[in-house]
Amino acid sequence: MLKGRHVVLGVTGGIAAYKCAELTRELIRRGAEVKVIMTESAREFMTPLTLQTLSGNPVYTELFTLIREQDIAHIALAEFAELMIVAPATANVIGKAAAGIADDLLTTVLMAMKAPVLFCPAMNTQMYGNPALQENLKKLQAWGYHVLPPASGPLACKAEGQGRLPEVTAIVEAAVSVLTLKDLAGEHVLVTAGPTREPFDPVRFITNYSSGKMGYAVALQAQRRGARVTLVSGPTSLPPPDGVEIVNVGSALEMRDAVLSRLAGVTVVIKAAAVADYRPAALREQKIKKKGGSLTLELERNPDIIQEIGRKEGRRIIVGFAMESENLLENARSKMVEKNMDLIVANDLREEGAGFQCDTNVIKILDRKGNIEELPLMDKAEAAGRILDRVRALLKEKKRGRRG
Ligand code: CTP
């Protein structure tokens, strides 16, 4: 998402300015090209040399400079930017931006900026609560500027409260979200992810190798694209994506109840979970002790959750997954028809770079019209985006159909 994107980072004079080194590194790590502007007071907290080294570009400090001998710095920087982040944003820079004051390079670039701007205020709690500051933030938001509210916790001034610059990951996530087209706004997407655990005594269960990565990637991308997202997740080691409602479940029966009770208002269901088809017929209250000879476990069928959703009233888009080890396309197509899905995402267990634990996938998207979209190896975030592109197209078709 940030790969090749041009970011201007404006650093102002707050104690959190030191975190900009880490922020610059993370933006660069994600593939962005970063140019940094520092105000005079920011340079009291951090040297331009640090950010110049990390960004691989000169750090801009003076209003009256020329870039490449003829370009005026503030215009060139404004034209370069696809996104500007002001972090930390002091009360002073927020006040100046809200009042239309441009008296140094950073505020002048802000004036000339056409790209979206993300302010990350960081200051003492009292200052953050000040009505003038709050009014200024409201004013900026009403003009279309983005604001990432500060986090709460201990502050440099020894007080506790809201005012801390959020973690670098949260700033980067907010930046990605600003750059993402909100083409799923108004939709409610329910995603299932991960394996299920089917217990047969208090310490043992049957499960599978699903890591949950594909489903979590879908949930995150849908959230970034403006959807309300509910993620019903089997046990995984993944952190829940920000801004997503997470419902943790264990067994297939729990997943079924969690999904069916949350369907009202859901417009898209994406079932990436690897649901166990069978569960042990009996759940022993006590741990099973070993004895001589073998142990036989009787298994019974679990309900098919996606099939139940397909039979429910309400015309929602249903996307299923099929992981196969043979006859990929035929098996996937018959699952799609049988389970009343609109799309099925098929992947082949034997394919290099596809499957449960990896960060990449090789998917084929099949639809009800017989189209097969074969995608190359890509990371799961990108694959999630491609699936959502298809969902978006179906939603559009559905809306057109309703009007026509
Ligand atoms: N699925 C489900 N409930 C189940 C089993 C599967 O909702 N009890 C969903 C999965 O989340 C996935 C799709 O059905 O989206 C296909 O799952 P898969 O296990 O590949 O298909 P099955 O129909 O179970 O077929 P088989 O195991 O025989 O391949």
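The rules we used
Residues numbered from 1 in each chain as written. Predicted model: local features only at pLDDT ≥ 70, side-chain atom pairs only at ≥ 80, totals over all residues. Heavy atoms only, no water. Domains from an automatic or database assignment. Near = heavy atom within 4 Å. Polar contact = N/O pair within 3.5 Å; in protein donor to acceptor, adjacent residues only side chain to side chain. Areas by Shrake-Rupley, 256 points an atom, 1.4 Å probe, with all protein chains shown as cover. Helix = DSSP H or I, 4+ residues; strand = E, 2+ residues; numbered from the N terminus. Axes fitted to C-alpha atoms, helices over the stretch in contact; angles between N-to-C directions. Parallel < 35°, antiparallel > 145°, perpendicular 65-115°, else oblique. Left-handed = near helix turned anticlockwise from the far one by under 90°. Contact = heavy atoms within 4.5 Å. Nonpolar A, V, L, I, M, F, W, Y, C, P; charged D, E, K, R; others polar. Buried < 20%, exposed > 50% of the residue type's maximum accessible area, 1.4 Å probe, protein only. Arc of directions from axis to C-beta. Phe/Tyr/Trp six-rings, centres within 6.5 Å; stacked < 30°, edge-to-face > 60°. Lys NZ or Arg CZ within 6 Å of the ring centre and 35° of its normal. Pairing = 2+ DSSP bridges. Core = buried A, V, L, I, M, F, W, Y, C linked by side-chain atoms within 4.5 Å. Disulfide = S-S within 2.5 Å.

### A word on the domain arrangement of the chain
Interfaces are frequently sized by the accessible area removed from exposure as the parts join.
Step number 1: Each assigned domain of the chain is listed here: domain 1 (6–179) and domain 2 (188–276 + 298–403).
Step number 2: For domain 1 versus domain 2, the distance between C-alpha centres works out to 38 Å.

### So, the site of the ligand
Step number 1: In the vicinity of the ligand, the contacting residues are Lys271, Ala273, Val275, Asp277, Pro303, Asp304, Ile305, Ile306, Gly320, Phe321, Lys335 and Lys339.
Step number 2: Interatomic distance of 2.7 Å between a backbone N/O atom of Lys271 and an oxygen atom of the ligand.
Step number 3: One of the backbone N or O atoms of Ile305 is found 3.0 Å from a nitrogen atom in the ligand.
Step number 4: Here the ligand, which alone exposes 570 Å², has 76% of that area covered by the protein.
Step number 5: Mapped onto the shell around the ligand, the elements with two or more residues apiece are α12 (305–311) and β18 (317–324).

### A word on the packing of helix α4 (residues 73–80) against helix α6 (residues 105–112)
Step number 1: Here α4 crosses α6 at 50 degrees, and the two axes come no closer than 9 Å. Looking at the two axes, α4 sits oblique to α6. The hand of the α4/α6 crossing is right-handed. Here α4 contributes Ala73, His74, Ile75, Leu77 and Ala78 to the contact with α6, which in turn contributes Leu105, Thr108, Val109 and Ala112.
Step number 2: Considering only residue class, the contact of α4 with α6 consists of seven nonpolar, two polar and no charged.

### Things to note about helix α13 (residues 328–338)
Step number 1: Residues of α13 that are buried include every one of Leu328, Ala332 and Met336, and no others. Buried residues in α13, looked at end-on, bunch into an arc of 55 degrees, giving them a common side. Exposed and oriented more than 90 degrees from the buried face of α13 are Glu330 and Glu338.
Step number 2: Tucked into the core, α13 has its buried residues touching β18, β19 (343–348) and β21 (364–367).
Step number 3: The first or second residue beyond α13 is Asn340, which carries a positive phi of 60 degrees.

### Digging into the packing of aromatic side chains
Step number 1: Per the counting criterion, the structure on display carries one aromatic pair.
Step number 2: One residue, Lys35, lies across the ring of Phe80, its end atom 4.3 Å from the ring centre.
Step number 3: It is Arg301 that lies over the ring of Tyr278; its NZ or CZ is 5.6 Å from the centre.

### Some remarks on unusual backbone geometry
Step number 1: Here the residue pair Ala87 and Pro88 is connected by a cis peptide bond, since its omega of -10 degrees sits within 30 degrees of zero.
Step number 2: The backbone of Asn327 sits at a positive phi, close to 45 degrees, despite the residue not being glycine.
Step number 3: Relative to the helices and strands, Asn327 resides in the loop between β18 and α13.
Step number 4: Positioned with a positive phi, Asn340 is a non-glycine residue whose angle comes to about 60 degrees.
Step number 5: Locating Asn340 in the fold gives a position in the loop between α13 and β19.

### Some points on the pairing of strand β8 (residues 151–154)
Here is the key point about a regular strand: its side chains alternate between the two faces of the sheet.
Step number 1: The pairing of β8 with strand β9 (residues 160–164) spans four bridges and is antiparallel. Pairing of Ser152 across the sheet is with Gln162, part of β9.

### Focus: the nonpolar core
Step number 1: In terms of nonpolar packing, the biggest core is built from 34 residues, with Leu9, Val11, Leu27, Leu51 and Ile85 touching the most fellow members.
Step number 2: At the level of secondary structure, the elements contributing two or more residues to this core comprise β1 (6–11), α1 (19–29), β2 (33–38), β5 (83–89), β6 (117–121) and α9 (168–179).
Step number 3: Here the element with the most residues in this core is α9; it accounts for eight residues.
Step number 4: Within the second largest apolar cluster, 33 residues are counted, among which are Ile317, Leu343, Ala383 and Ile387.

### Section: the sheet that holds β2
To summarise the sheet geometry, strands pair through backbone hydrogen bonds and adopt either a parallel or an antiparallel arrangement.
Step number 1: Taking strand neighbours across the sheet as the criterion, the five strands line up as β2-β1-β5-β6-β7 in an open arrangement whose pairing is parallel. The open sheet has two free edges, formed respectively by β2 and β7 (146–147), since each of these has just one partner strand.
Step number 2: Across six bridges, the pairing between β1 and β2 is parallel. Within the sheet, the bridge partner assigned to Gly10 lies in β2 and is Ile37.

### Overview of the sheet that holds strand β13 (residues 228–233)
Step number 1: Pairing is mixed across the open sheet formed by eight strands, whose spatial order is β14-β13-β10-β15-β18-β19-β21-β22. On the outer flanks of this sheet lie β14 (245–248) and β22 (372–374), each paired with one strand and no other. Strand-to-strand twist in this sheet, taken as the mean axis angle between neighbours without regard to direction, amounts to 15 degrees.
Step number 2: Bridging between strand β15 (residues 268–271) and β18 involves four bridges; their strand directions are parallel. Its bridge partner being in β18, Val269 is matched across the sheet by Ile318.
Step number 3: Where α13 meets the sheet, its contacts fall on β18, β19, β21 and β22, and the angle it forms with β19 comes to roughly 150 degrees.

### Considerations on α1
Step number 1: All buried positions along α1 are accounted for by Lys19, Cys20, Ala21, Leu23, Thr24, Glu26 and Leu27.
Step number 2: Taken together, the buried residues of α1 touch β1, β2, α3 (48–55), β5, β9 and α9.

### Concerning the side chain of Gln221
Step number 1: Here Gln221 is to be found in helix α10 (residues 213–224).
Step number 2: For Gln221, the residues in contact, after removing those within four places along its chain, are Ala381, Ala384, Gly385 and Leu388.

### Re the state of the cysteines
Step number 1: Under the definition given, this model contains zero disulfides.
Step number 2: Here Cys20 is not cross-linked by a disulfide; its sulfur's nearest cysteine counterpart is in Cys120, at 8.7 Å.
Step number 3: What makes Cys20 buried here is its relative accessible area of 0%.

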